[in-house]
Amino acid sequence: MVAAIVSVLVGAALGYLARKTLAEAKIQSAELAAKRIVEEAEKEAEAAKREILLEAKEEAHRLRNEIEQEERTRRAELQRTERRLLQKEESLDRKLEALERKEESITRKERDLEAAKEEVAKLHVEQRAELQRISGLSSEDAKALLLKDVEDEIRHEAAVLIRDIEAQAKEEAERRAREIVAAAIQRCAADHVAETSVSVVSLPSDEMKGRIIGREGRNIRALETLTGIDLIIDDTPEAVILSGFDPVRREIAKVALEKLITDGRIHPARIEEMVEKAQKEVDAIIKEEGESAAIEAGVHGLHPELIRLLGRLKFRSSFGQNVLKHSLEVAHLAAGMAAELGANIAVAKRAGLLHDIGKAVDHEVEGPHVQIGVDLARKYRESPEVIHAIATHHGDEEPKTIEAVLVQAADAISAARPGARRETLEAYIKRLTKLEEVADSFDGVEKAYAIQAGREIRIMVKPEKIDDLAAVRLARDIVKKIEEELEYPGQIKVTLIRETRVVDYAK
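Attention here is on the structure that accompanies the text. Worth saying up front: this structure is predicted, and the values here are computed from it rather than measured.

**Some points on the environment of Glu364**
Locating Glu364 in the fold gives a position in the loop between α9 (345–354) and α10 (369–379). The exposed category is assigned to Glu364, whose relative accessible area is 53%. Measuring from C-alpha to C-alpha, the distance between Glu364 and Asp246 comes to 8.8 Å, with 118 residues separating the pair along the chain. Ignoring sequence-local partners within four residues, the contact set of Glu364 consists of Asp246 and Arg312. In terms of polar contacts, Glu364 uses its side chain to reach the side chain of Arg312, at 2.9 Å.

As structure tokens, then:
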């Protein structure tokens, strides 16, 4: 037991000594490692310090260079500014000297002018006295004699004027009937449009044509089927042509196609949706245009269906003339002439507005537009006077009322006025070209210009070849040749211009 206890104690003592020795060794190792870390940290800190100092020196050097460069730039700018100021001061000094010289010159001229005025006044007094001495008349006597001569001259002119007024009064009586029509025409003016059996839709690019056609043509077939309008896609750059005789369907197709192009999504389902939206929009436009036309014409109490049919006429044209504008013009013309003649203005205006109402549905209903219009007016309970005027406006029946005669005349005036029904572009250009060629065919003509849509031609002649008398003869010859060789509506004014210019240059 004793031996065992001793062994345990000895083992414990040896273990304690071993652990103490090991701990002291680890402490010494840790102290050495810590010392090395501190030394390395000090070295790194020293290196970082040197780098920071070096960067600070470089930055200071750079800033110093920039400041010096900016200072040099500012100094140069100040020098330039000083030079400009000096130049301006010198220029102002020179201008001031010039102004002073001009002021002195003006002062001298004013003195000379005052002296000249005094001399003129003195001469006027002397001349007046001399005239009184020579004529033996005082100034009052001379005034009286002058006034008598003026009075006699005025009496003569008044007699001539009275004679002219009497002649004009006789001519006025002969022109009265023509003035009734002219006054009615001057009170209204309707626009006209080009012939519209086709419409053109602009494209943002030619690539859009392929999208409109679609795969195997399904998009274009869907659009044509839904609208009943033919789409013509040819070599025309960035454009699609819509062709069809029904103007309302053509407008629906145009609005739908424009919406599809703007939206960018083109496929059969989208096409059907856009066509439906376009249908609603065009219906709204038709109603609005019909109401606006009725308000503009001053015709009230129209049946809603007649108003809708009036709106459809916005998209209808006849020989290039917009039928709705034409109907408004006929209404105003008939009302104006009825007012001059004391006829029923309301009936004339109403019949004039509705006289072509049959053209709104002549693509859908068989028969002439006159008979269609009569049937529509009778269906929607228009008065017998209005129905009669519609039936007679093309001479199919004999007019029995003055209002029917006025509507017939107004229709003819509106259709026949210059510019109402346009000729085709090719015929128009050909006629203007032929007119200029006729003028250019005469010797002495330098250049001819057809203006005012062919209603006037202005001719520049060579002044060295054509004198004043020859210009009169040349104008007469040109007029005669135009009458013989050309066909034209109305009359053509021929104006010859003979001009002599002298040009020189001051150097």
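So that's the structure; there's more coming.
**Re the pairing of strand β3 (residues 239–243)**
Extensive coverage of β3 is indicated by the burial of four of its five residues. With five bridges connecting them, strand β1 (residues 198–202) and β3 associate as antiparallel partners. By the bridge assignment for β3, Val201 is matched with Val240. For strand β2 (residues 230–232) and β3, the ladder comprises three bridges, and the chain directions are antiparallel. Paired with Asp230 across the bridge in β3 is Ser243.

**Quick notes on the side chain of Arg270**
Tracing the sequence through the fold places Arg270 in helix α6 (residues 268–297). For Arg270, a relative accessible area of 11% corresponds to the buried category. Look past the residues within four positions of Arg270 in its chain and what remains in contact with it is Leu260, Asp263 and Arg265.

Cut-off values and rules
- Residues numbered from 1 in each chain as written.
- Predicted model: local features only at pLDDT ≥ 70, side-chain atom pairs only at ≥ 80, totals over all residues.
- Heavy atoms only, no water.
- Helix = DSSP H or I, 4+ residues; strand = E, 2+ residues; numbered from the N terminus.
- Buried < 20%, exposed > 50% of the residue type's maximum accessible area, 1.4 Å probe, protein only.
- Contact = heavy atoms within 4.5 Å.
- Polar contact = N/O pair within 3.5 Å; in protein donor to acceptor, adjacent residues only side chain to side chain.
- Pairing = 2+ DSSP bridges.

Structural measurements only, silent on function.
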